[in-house]
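Chain by chain, the residues:
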2 protein chains.
Amino acid sequence: MSLLVLGTVALDHIKTPSGSHDELLGGSAAHFSMSARLFTDVHLVAIIGADFPKKHIQFLQRKKIALDSLVEGKGKTFRWKGEYKQGDMNIALTLATELGVLAGFDPRVAEHQRKISNVFLANIDPDAQIGLLRMMRRPRFVGLDSMNLWIEHKSKSLKNLMKQVNLFVLNDGEARMLSGEKNLIKAAKRLRKMGPELIVVKKGEHGVLFYSDKFMFSFPAYPVEEVVDPTGAGDTFAGGLMGYLSKVNKVNEKNLRRAVIYATTLASFNVEGFGMAKTAGLTMTKVNRRMKDLIKFMAV
Amino acid sequence: MSLLVLGTVALDHIKTPSGSHDELLGGSAAHFSMSARLFTDVHLVAIIGADFPKKHIQFLQRKKIALDSLVEGKGKTFRWKGEYKQGDMNIALTLATELGVLAGFDPRVAEHQRKISNVFLANIDPDAQIGLLRMMRRPRFVGLDSMNLWIEHKSKSLKNLMKQVNLFVLNDGEARMLSGEKNLIKAAKRLRKMGPELIVVKKGEHGVLFYSDKFMFSFPAYPVEEVVDPTGAGDTFAGGLMGYLSKVNKVNEKNLRRAVIYATTLASFNVEGFGMAKTAGLTMTKVNRRMKDLIKFMAV
């Protein structure tokens, strides 16, 4: 089944111990799509500025990502400038953010895309996420991502939104911040009570914890020795998760475990290159090969 | 096959958010033994003072731990006073250490125990660990644990020791400190080059990473919601690991994976009670039940 994602499309300026790159295609919805496209057809909802390079549009089109609801606004494309320091590759230091067209962005969905049954609200202002959700016609399955900024400054909108989604993906720091619980299992339980029946806590190099009332599980991360650029790893993870669930079109324990394994596998590729250098060239053959290695790595 | 362990036997004074307890039986060798005894016969090498309570001796005897090489020195028993704060249960704050008889302890092993083929050097001064190893007659398999104190102050002895052991168990902070590598896989590789062919990096609530030249694996921790007292969790982990390997008497990938699962299971019991409150009452039936839950938790 099809999958629609709302989020950002950005131009990233990234510095890591491996080097630095400017004007990279990035943003939560772009990274998400690059991963989810491997499983199903992906419809991207986002805004770009008039300065957005044509080559990036063509690139997304070549990857068969539906751009019917990618609108061009008046102003500049959203830009993010960040740095990762040696030994702390889990933490992105934001050097500059230029919102550009993102300020006051009110997402629009093309009429024929409003019946899409799987929806992911990638990281963006919760008010934009709520707006998108209002536009959709009774989606079957809705996933949500967020960030510390919204937890701090738009907690009311975010909590309202949490009551309307099935799955919530967030990292360990965000889970602790939003729940007020240090123990991650307690934190996940508390988040579940706030609305979403499925909670996915990403722990970076430590893997992932999944919580639902009926079952829990935890997987390690794929062992990556050279993390080149972690930007978009969480979005790539979410893309694999939602992409697989949309493809199999049935949310049960078996499929959720498999979806999280795929998500983990995809995120491991993402961190091995700048921007989408590694994920853009992926095929299911490559993904399945690494997934087999991961399964071996974590086998009892 | 039998298993001999050198380490500390201590009287612990512990404060955690769950309460505080005095004069608890503790120490690396004691916690290790309480776990390893479930798999094989355990021979404890340590020193106590004249003030050591008889009830603790009787308790160890009831648990069938061989005390032939537990000597009584002149002076007081080693005491450790520590605290864990809410939200940071991974970090023990040492409030006081009274070495007592531990100062200048030169371990002695009873003649009939010197042929024991499995040896574990639990956390204690590396010079005592080297002394013990010299006394043994060609052990088949030797495991080693240490701590930040020795990495900082006795790094030469520790590095010398690493060349003489098969397996090295340490936590993530220690692995990073000793190897100078932030990435844990790189850290494990570096440690392997320093001597031990098998490296086990414990990551607390994030589980464990195993490294050898031929294979690697990673398991999550058992999901414990209420951590009461983490003291001795690492020693309990090592006891399960070495206990199982000694029992099966064959070190191969299958047995190592199983040994790490047992180790993880045992450590999860340890943290649920003060001192040995939970591990003392364990039977293999209880352990196997929780191990099955853990395997289910991490199943693909």
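Residues numbered from 1 in each chain as written. Chains lettered and ligands numbered in written order. Predicted model: local features only at pLDDT ≥ 70, side-chain atom pairs only at ≥ 80, totals over all residues. Heavy atoms only, no water.

Colleague: Explain the overall build of chain A to me, please; I cannot follow it from the model alone.
Modeller: Looking only at helices and strands, one finds 10 helices and 13 strands in chain A. In terms of overall size, chain A behaves like a compact globule, its C-alpha atoms giving a radius of gyration of 18 Å where 300 residues would be expected to give roughly 19 Å. Reported as C-alpha extents along the three principal axes, the dimensions of chain A are approximately 50 × 45 × 35 Å. Going through the 300 residues of chain A one by one, you find that 60% of them count as buried. Accessible area of chain A: about 12,300 Å², with a carbon and sulfur share of 49%. The averaged location of the 29 negative side-chain charges in chain A is 7 Å from the averaged location of its 44 positive side-chain charges. (Helix = DSSP H or I, 4+ residues; strand = E, 2+ residues; numbered from the N terminus. Rg over C-alpha atoms; globule rule 2.2 N^0.38 Å. Buried < 20%, exposed > 50% of the residue type's maximum accessible area, 1.4 Å probe, protein only. Areas by Shrake-Rupley, 256 points an atom, 1.4 Å probe, with all protein chains shown as cover. Lys, Arg positive; Asp, Glu negative; His and termini not counted. Charge placed at Lys NZ, Arg CZ, Asp CG, Glu CD.)

Colleague: Help me understand the pairing of strand β8 (residues 118–121) of chain B, please; the structure alone is not making it clear to me.
Modeller: For a regular strand, side chains alternate in direction, first toward one face of the sheet and then toward the other. Residue and element names in this part refer to chain B. Because side chains alternate across β8, one face comprises the buried residues Asn 118 and Phe 120, and the other comprises Val 119 and Leu 121, equally buried. Of the pairings in the sheet, the one linking strand β1 (residues 3–6) to β8 comprises four bridges and is parallel in character. Counted as the bridge partner of Val 5 is Phe 120 from β8. Sheet topology note: the β8/strand β9 (residues 141–145) ladder contains four bridges and is parallel. Paired with Phe 120 across the strands is Gly 143, a residue of β9. A crossover connection joins β8 to the parallel β9 through helix α3 (residues 126–135); in handedness this β-α-β unit is right-handed. (Pairing = 2+ DSSP bridges. Right-handed = clockwise from strand over helix to strand, strands pointing away.)

Colleague: What am I meant to see in the relation of the copies chain A and chain B here?
Modeller: Related by rotation about an axis and a shift along that axis, the two copies of the chain form a pair. Least-squares fitting of chain A to chain B yields an RMSD of 0.0 Å, with the transformation described by 0.0 Å of translation along the axis and a rotation of 180 degrees. What we have between these two chains is a two-fold relation. Mapped onto chain B, 100% of the interface residues of chain A again fall at the interface, so both copies present the same surface. (Least-squares fit on C-alpha atoms with pLDDT ≥ 70 in both. Contact = heavy atoms within 4.5 Å.)

Colleague: Explanation requested: the packing of helix α1 (residues 28–36) of chain A against helix α8 (residues 233–248) of chain A in the structure shown.
Modeller: All names here are of chain A. Here α1 crosses α8 at 45 degrees, and the two axes come no closer than 7 Å. One element, α1, and the other, α8, form an angle in the oblique class. For the pair α1 and α8, the sense of crossing is right-handed. On α8, the residues touching Ser 28, His 31, Phe 32, Ser 35 and Ala 36 of α1 are Asp 235, Thr 236, Ala 238, Gly 239, Gly 240, Met 242 and Gly 243. Its residues placed into classes, the contact of α1 with α8 shows four nonpolar, seven polar and one charged. (Axes fitted to C-alpha atoms, helices over the stretch in contact; angles between N-to-C directions. Parallel < 35°, antiparallel > 145°, perpendicular 65-115°, else oblique. Left-handed = near helix turned anticlockwise from the far one by under 90°. Nonpolar A, V, L, I, M, F, W, Y, C, P; charged D, E, K, R; others polar.)

Colleague: Explanation requested: the nonpolar core in the structure shown.
Modeller: The nonpolar side chains of soluble globular proteins are, as a tendency, buried together. If you look at the biggest cluster of nonpolar residues, it comprises 109 residues, and the most contacted ones within it are Val 9, Phe 237 and Leu 241 of chain A together with Leu 121, Leu 132 and Leu 178 of chain B. Among the elements that make up this core, the one with the highest residue count is helix α9 (residues 253–270) of chain A (nine residues). For Phe 237 of chain A, the contacting residues outside a window of four places in its chain are Val 169, Val 200, Lys 202, Val 208, Val 260, Ala 263, Thr 264 and Ala 267 of chain A. Val 45 of chain A together with Ile 65, Phe 215 and Tyr 244 of chain B belong to the second-largest nonpolar core, a separate cluster that totals 108 residues. (Core = buried A, V, L, I, M, F, W, Y, C linked by side-chain atoms within 4.5 Å.)

Colleague: Whenever I open this one, the interface of chain A and chain B confuses me. Can you help?
Modeller: The figure often quoted for interface size is the accessible area lost as the parts come together. Taken residue by residue, the interface counts 30 residues in chain A and 30 residues in chain B. At the boundary of chain A with chain B, total buried surface from both sides reaches about 2,600 Å², with 55% on carbon and sulfur atoms. For the chain A face of the interface with chain B, the top three residues by lost area are Glu 225, Phe 297 and Val 300 of chain A, together amounting to 25%. In this structure, the connection of chain A to chain B is made through six salt bridges. Residue Arg 176 of chain A pairs with Glu 205 of chain B through a salt bridge whose shortest N-O separation is 3.0 Å. Across the chain A-chain B interface, the total number found is 18 residue pairs in polar contact (both at pLDDT 80 or more). (Buried area = accessible area lost by both parts, 1.4 Å probe. Salt bridge = Lys/Arg side-chain N within 4 Å of Asp/Glu carboxyl O. Polar contact = N/O pair within 3.5 Å; in protein donor to acceptor, adjacent residues only side chain to side chain.)

Colleague: Quick question: what am I supposed to make of the pairing of strand β10 (residues 167–171) of chain B here?
Modeller: All names here are of chain B. Most of β10 is tucked away, with four of its five residues classed as buried. Here three bridges tie β9 to β10, and the two strands are oriented parallel to one another. The residue of β10 that forms the bridge with Asp 145 is Val 169. Strand direction decides the pairing type here: β10 and strand β11 (residues 198–202), joined by five bridges, are parallel. Paired with Asn 171 across the two strands is Lys 202, which belongs to β11.

Colleague: I would appreciate a short explanation of the pattern of salt bridges in the present structure.
Modeller: A side chain with one charge may pair with a side chain of the opposite charge, provided their charged atoms come close. Residue and element names in this part refer to chain B. Enumeration according to the criterion identifies 30 salt bridges over all chains in this entry. A salt bridge links Asp 127 to Lys 154; its shortest N-O distance comes to 2.6 Å. Separated by 27 residues along the polypeptide, Asp 127 in helix α3 and Lys 154 in the loop between α4 (148–153) and α5 (155–162) bring together distant segments of the chain. Using a relative accessible area of 37% as the deciding quantity, one classes Asp 127 as partly exposed. By relative accessible area, Lys 154 is classed as partly exposed at 24%. Of the charged contacts, one joins Arg 257 and Glu 253 as a salt bridge, the two residues approaching to 2.9 Å between their closest N and O atoms.

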